[in-house]
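An overview of the molecular structure
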Amino acid sequence: MDSGSKTEQISEDTSVIKEMFSAMNIKVDTISTIRFGKYDPTSSARRRPVRIRLPHTDAVADVLRLSGKLKSIDKFRLVSLSRDRTPAQIRNYNRIKQQLTDRTLAGEDWFIN
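One structure accompanies this document, and this report is about it. Predicted, not measured: the structure shown is a model, and the values here were computed from it. (Residues numbered from 1 in each chain as written. Predicted model: local features only at pLDDT ≥ 70, side-chain atom pairs only at ≥ 80, totals over all residues. Heavy atoms only, no water.)

Things to note about the overall build of the protein
When helices and strands are tallied, the protein shows 3 helices and 2 strands. When the elements of the protein are put in sequence order from the N terminus, they spell out α-β-β-α-α. Taking all 113 residues of the protein together, the buried fraction comes to 17%. Taking the contacts inside the protein whose residues are at least 6 apart along the sequence as the reference set, 39% of them involve residues at least 24 apart. Total accessible area on the protein stands at roughly 9,100 Å², and carbon and sulfur atoms take up 52% of it. (Helix = DSSP H or I, 4+ residues; strand = E, 2+ residues; numbered from the N terminus. Buried < 20%, exposed > 50% of the residue type's maximum accessible area, 1.4 Å probe, protein only. Contact = heavy atoms within 4.5 Å. Areas by Shrake-Rupley, 256 points an atom, 1.4 Å probe, with all protein chains shown as cover.)

Brief notes about the nonpolar core
Core analysis: the biggest nonpolar cluster contains 13 residues, and F21, I26, V28 and L54 have the highest contact counts within it. Secondary-structure elements contributing two or more residues to this core are α1 (3-23) and α2 (57-66). (Core = buried A, V, L, I, M, F, W, Y, C linked by side-chain atoms within 4.5 Å.)

Let's talk about the pattern of salt bridges
Enumeration according to the criterion identifies 6 salt bridges in this entry. A salt bridge links R35 to D13; the nearest nitrogen and oxygen atoms lie 2.5 Å apart. Residue R35 is located in strand β1 (residues 32-35), and its partner D13 is located in helix α1; the two are separated by 22 residues in the primary sequence. The partly exposed category is assigned to R35, whose relative accessible area is 29%. Residue R77 pairs with D74 through a salt bridge whose shortest N-O separation is 3.4 Å. Residue classification places R77 among the partly exposed residues on the basis of a relative accessible area of 43%. (Salt bridge = Lys/Arg side-chain N within 4 Å of Asp/Glu carboxyl O.)

Notes on unusual backbone geometry
Leaving glycine aside, a negative phi is the common case for residues, and trans is the common case for peptide bonds. At N25, a position not held by glycine, the phi torsion is positive, near 60 degrees. Mapped onto the secondary structure, N25 falls in the loop between α1 and β1.

Regarding the environment of N92
For N92, the location among the structural elements is in helix α3 (residues 87-105). For N92, a relative accessible area of 35% puts it in the partly exposed group. A polar contact is formed between the side chain of N92 and the side chain of R95, at a distance of 2.5 Å. (Polar contact = N/O pair within 3.5 Å; in protein donor to acceptor, adjacent residues only side chain to side chain.)

Next comes the structure, spelled out in structure tokens:
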């Protein structure tokens, strides 16, 4: 991807994110975006995640709290938002998820799935 199209992609990402925030009634003037993953122009089906940096933690809390509204907006119904996690947090989550799967397969059902 050349730098012109990369700049265009960043601009498009920012525009769509601002539209999404507007749909959630959130006013954020300054955002920065980083698109993860390798760009593959032949694969339009594979979506690459975007990291959004907001100017303050209150904005982050508002976005995460109101993210459920996106499910009722057709254009954003497949969008999911979550906090950025450290590698240790990701490993811990996967370990706990695997324990739940193992215990469910072993016949335990005293917990809520």
